[in-house]
Amino acid sequence: MRDHLIIFDTTLRDGEQSPGASMTKEEKVRIARQLERMGVDVIEAGFPAASNGDFEAVKAVADTIKDSVVCGLARAIEADINRAGEALRGANAARIHTFIATSPIHMKNKLRMSPEQVIEQAVKAIQWARRYTDNIEFSPEDAGRSEINFLCRVLEAVIDAGAKTLNIPDTVGYTMPDQFGRLIRTLRERIPNSDKVVFSVHCHNDLGLAVANSLSAVINGARQVECTINGLGERAGNAALEEVVMAVRTRQDFFPCDTRIDTTHIVPASKLVSGITGFPVQPNKAIVGANAFAHESGIHQDGVLKHRETYEIMRAEDVGWGANKLLLGKHSGRNAFRSRLKELGIEFESEEMLNTMFVRFKDLADKKHEIFDEDLHALVSDEVQTPEEHYRLLSLIAHSETGEIPFARVVIADGNNELHAESEGSGPVDATFRAIEKILNSGAELQLFSVNNITSGTDAQGEVTVRLQKSGRIVNGHGADTDIVVASAKAYLSAFNKLYSKLEKAHPQV
Ligand SMILES: [Zn+2]
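Procedures and definitions
- Residues numbered from 1 in each chain as written.
- Predicted model: local features only at pLDDT ≥ 70, side-chain atom pairs only at ≥ 80, totals over all residues.
- Heavy atoms only, no water.
- UniProt positions renumbered as here; feature names shortened; annotations may be inferred.
- Helix = DSSP H or I, 4+ residues; strand = E, 2+ residues; numbered from the N terminus.
- Contact = heavy atoms within 4.5 Å.
- Polar contact = N/O pair within 3.5 Å; in protein donor to acceptor, adjacent residues only side chain to side chain.
- Axes fitted to C-alpha atoms, helices over the stretch in contact; angles between N-to-C directions.
- Left-handed = near helix turned anticlockwise from the far one by under 90°.
- Nonpolar A, V, L, I, M, F, W, Y, C, P; charged D, E, K, R; others polar.
- 1 Å grid on protein atoms, 1.4 Å probe; cavity = no way out; pocket = protein on both sides within 12 Å on 5 of 7 lines; lining within 4 Å.
- Points joined across faces, edges and corners; volume = space filled by probe spheres on them.
- Salt bridge = Lys/Arg side-chain N within 4 Å of Asp/Glu carboxyl O.
- Buried < 20%, exposed > 50% of the residue type's maximum accessible area, 1.4 Å probe, protein only.
- Pairing = 2+ DSSP bridges.
- Phe/Tyr/Trp six-rings, centres within 6.5 Å; stacked < 30°, edge-to-face > 60°.
- Lys NZ or Arg CZ within 6 Å of the ring centre and 35° of its normal.
- Patch = residues over 30% accessible without salt bridge, like charges linked within 9 Å, V, L, I, M, F, W, Y side chains within 5 Å.
- Areas by Shrake-Rupley, 256 points an atom, 1.4 Å probe, with all protein chains shown as cover.
- Parallel < 35°, antiparallel > 145°, perpendicular 65-115°, else oblique.

(A) The arrangement of the UniProt feature "binding site: Mn(2+)" (unreviewed entry) in the chain in detail. Listed under "binding site: Mn(2+)" (unreviewed entry) in the UniProt record, and renumbered for this structure, are Asp-14, His-202, His-204 and Asn-238. Taking the farthest pair of C-alpha atoms as the criterion, the annotated set spanning 225 residues converges on one region, since that pair is 10.2 Å apart. Counting through the fold element by element, Asn-238 comes out in the loop between strand E9 (224-227) and helix H9 (241-250). Excluding residues that lie within four positions of it along the chain, Asn-238 makes contacts with Thr-10, Asp-14, His-202, Cys-203, His-204, Asn-205, Ala-210, Thr-228, Gly-231, Leu-232 and Gly-233. Of note is the side chain of Asn-238, whose polar atom sits 3.3 Å from the side chain of His-202.

Okay, structure coming up:
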């Protein structure tokens, strides 16, 4: 029988640490449901001790998800572990992931602890975490720069203390595949009780090697890979879930293991994460890029038509391309709408909310003939009011005409107040942003403005991402509408609302 390769998704924790990718509780739950539907084994939902917002989000995911293990990150200290344990209390299956640095430089400068104290602290953390669950994962932070004999001693001690998974991170994305694979093999061979645990890896993509390093580790005995949808994550990101899963699936002749992922959910997951975070997927990205299965050259097309395997090592439909061919339209009723949302993992707390969404859906259906799953996700992202959503767009007039100076007039709601402003600009979007700034006076710097069409066709909804930066804080806002100027205004306000929400976060470098 083939070994089971455990897929540990950290989109909601490490992925969320990409500058500007912060997600609301509701967004995290929606992504978690999609991960559960895909068959992800473990969902790392956040770092509960980082902030109240993070705690609440982990709790909401733990209370919702039934078929995946829900994991919370905690430093190897009691207070963090208690927060994680409390957040995970409602989970069907919970895991606590605790970590401490083991490299000389970190132990000396950051922790100010001796190696012996670090071992003692790690063991105490595992023992403490066992008050909450037996499913405990341990990571030696900065393992790559740790001294191998010491690393073996720490890991042996935490196994004895009851850790079930040992995760070896390549935190700075520095190692080479061969070297990383050897490290995993060495640890398994040298730690006397290594057969009692699952070895896991967590690789960063600074040199574009996160997936290669992860797969090299799998060949050398790792049976859990930590990864994220679209490779989201700090700096250059993490190993991409879709690439790891499809490499192993496609090369069953090469790997001694397989995952339990239902790969037909991969593309919808990719679109969902990209829509929520506002990080578009590059067209030539493996598996989930728009061109990943497009055989444009005539020679290739001929080959594909005659014999699929000539050029296709995977089938587009196996990873979920074309799975969204739904169709709701203007004549769809409330029940069809509700049941499609339910299939997408979207449920509303109140009937009233569903009614509001149905009205918005009908509005959209008037403008656009076919409504796809992506449209529904965008509609929900757009509509769901988060507590920090302070300013809302009430109306917008934008004028552009050849030979004339574009101008825009906006009305924004601030609680019960209506705020009006107008401005000229170099184009309708610029004029709109200037008018909004007249009201908000944020002084934020616009770092990115991008427009993507959610589905194809000129009647498609445009999804706009706006990235704002102020005092070192970076946020993404997004907005969707069939009118891209309106979508732009919504995206700007969404970014502004996030910028001024009180979400402070600590960022562990695991
Ligand atoms: Zn990481």
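This is not the end of the story, as more comes after the structure.
(B) Highlighting the UniProt feature "domain: Pyruvate carboxyltransferase" (unreviewed entry) in the chain. Under the UniProt annotation, the feature "domain: Pyruvate carboxyltransferase" (unreviewed entry) is placed at residues 5-267. For the annotated span residues 5-267, helix accounts for 42% and strand for 18% of the residues, and the straight-line distance between the end C-alpha atoms is 21 Å.

(C) A look at the side chain of Thr-228. By the secondary structure assignment, Thr-228 is in the loop between E9 and H9. From its side chain, Thr-228 meets the backbone oxygen of Leu-232 in a polar contact 2.6 Å long.

(D) View of the packing of helix H15 (residues 428-440) against helix H16 (residues 484-499). Close contact between H15 and H16 brings their axes to 10 Å; oriented N to C, the two are set at 35 degrees. For the pair H15 and H16, the crossing hand works out as right-handed. Side by side, H15 and H16 meet where Pro-428, Val-429, Thr-432, Phe-433, Ile-436, Glu-437 and Leu-440 of the first sit next to Val-485, Ser-488, Ala-489, Tyr-492, Leu-493 and Phe-496 of the second. Looking at the contact of H15 with H16 residue by residue, the classes come out as 10 nonpolar, 2 polar and 1 charged.

(E) Representation of the layout of surface pockets in the model. Here the largest pocket is characterised by a volume of approximately 1,100 Å³. Surrounding the largest pocket, 44 residues form its lining, Val-267, Lys-271, Trp-321, Glu-374 and Ile-454 being those nearest its centre. Residue assignment for the lining of the largest pocket shows that the elements contributing at least two residues are helix H1 (25-38), helix H10 (266-277), helix H12 (334-343), helix H14 (373-383), strand E14 (445-453) and strand E15 (462-470). Among the elements that line the lining of the largest pocket, the one with the most residues is H10, at 8 residues. When its residues are assigned to classes, the lining of the largest pocket shows 16 nonpolar, 20 polar and 8 charged.

(F) Region of the structure containing the pattern of salt bridges. The full count for this structure, using the stated rule, is 27 salt bridges. In this structure, Asp-3 and Arg-223 form a salt bridge, with 2.9 Å as the shortest nitrogen-oxygen distance. Residue Asp-3 is found in strand E1 (residues 3-4), and its partner Arg-223 is found in the loop between helix H8 (210-219) and E9; the two are separated by 220 residues along the sequence. Asp-3 sits in the partly exposed class, given a relative accessible area of 37%.

(G) Structural detail: the sheet that holds strand E4 (residues 69-75). Spatially, 8 strands are ordered E2-E3-E4-E5-E6-E7-E8-E9 in a closed barrel, and the strand pairing comes out parallel. Mean inter-strand twist for the sheet, computed between neighbouring axes without regard to direction, equals 25 degrees. Packing against the sheet, helix H4 (residues 104-111) makes contact with strand E5 (94-101) and strand E6 (136-141), and its axis sits at approximately 90 degrees to E5.

(H) Inspection of the sheet that holds strand E16 (residues 473-481) at higher detail. Read across the sheet, 3 strands follow the order E14-E15-E16 without closing on themselves; strand pairing throughout is antiparallel. Every other strand in the sheet has two partners, leaving E14 and E16 as the edge strands with one partner each. For this sheet, the mean inter-axis angle between neighbouring strands, taken without regard to orientation, is 15 degrees.

(I) Highlighting the packing of aromatic side chains. One pass over the full model with this rule turns up 7 aromatic pairs. Ring geometry for Phe-254 and Phe-255: centres 5.2 Å apart, planes at 80 degrees, overall edge-to-face. On the basis of an interplanar angle of 85 degrees and a centroid distance of 5.8 Å, the ring pair of Phe-433 and Phe-449 is categorised as edge-to-face. With a gap of 16 residues between them, Phe-433 in helix H15 and Phe-449 in strand E14 connect regions that are remote in the sequence. On the accessibility criterion, Phe-433 (7% relative accessible area) is buried. On the accessibility criterion, Phe-449 (35% relative accessible area) is partly exposed. Members of the aromatic cluster, each reached through a chain of ring pairs, are Phe-337, Phe-358 and Phe-361. In this arrangement the basic side chain of Arg-83 is found over the ring face of Phe-55, its NZ or CZ atom lying 3.9 Å from the centre.

(J) Representation of a nonpolar patch on the surface. On the surface, a cluster of nonpolar side chains totalling about 310 Å² of accessible area is made up of Leu-446, Phe-449, Val-451 and Ile-484. Looking at the nonpolar patch, the element that brings in the most residues is E14, giving 3 residues. You can see Leu-446 is positioned in strand E14. You can call Leu-446 partly exposed: its relative accessible area is 40%.

(K) Spotlight on the packing of H1 against H10. Interhelical geometry of H1 versus H10 gives an angle of 170 degrees and a closest axis separation of 10 Å. On the basis of their axis angle, the class for H1 and H10 is roughly antiparallel. Of H10, the residues touching H1 (which contributes Glu-27, Arg-30, Ile-31, Gln-34 and Met-38) are Ile-266, Pro-268, Ala-269, Leu-272, Val-273 and Ile-276. For the contact of H1 with H10, a count of residues per class yields 8 nonpolar, 1 polar and 2 charged.

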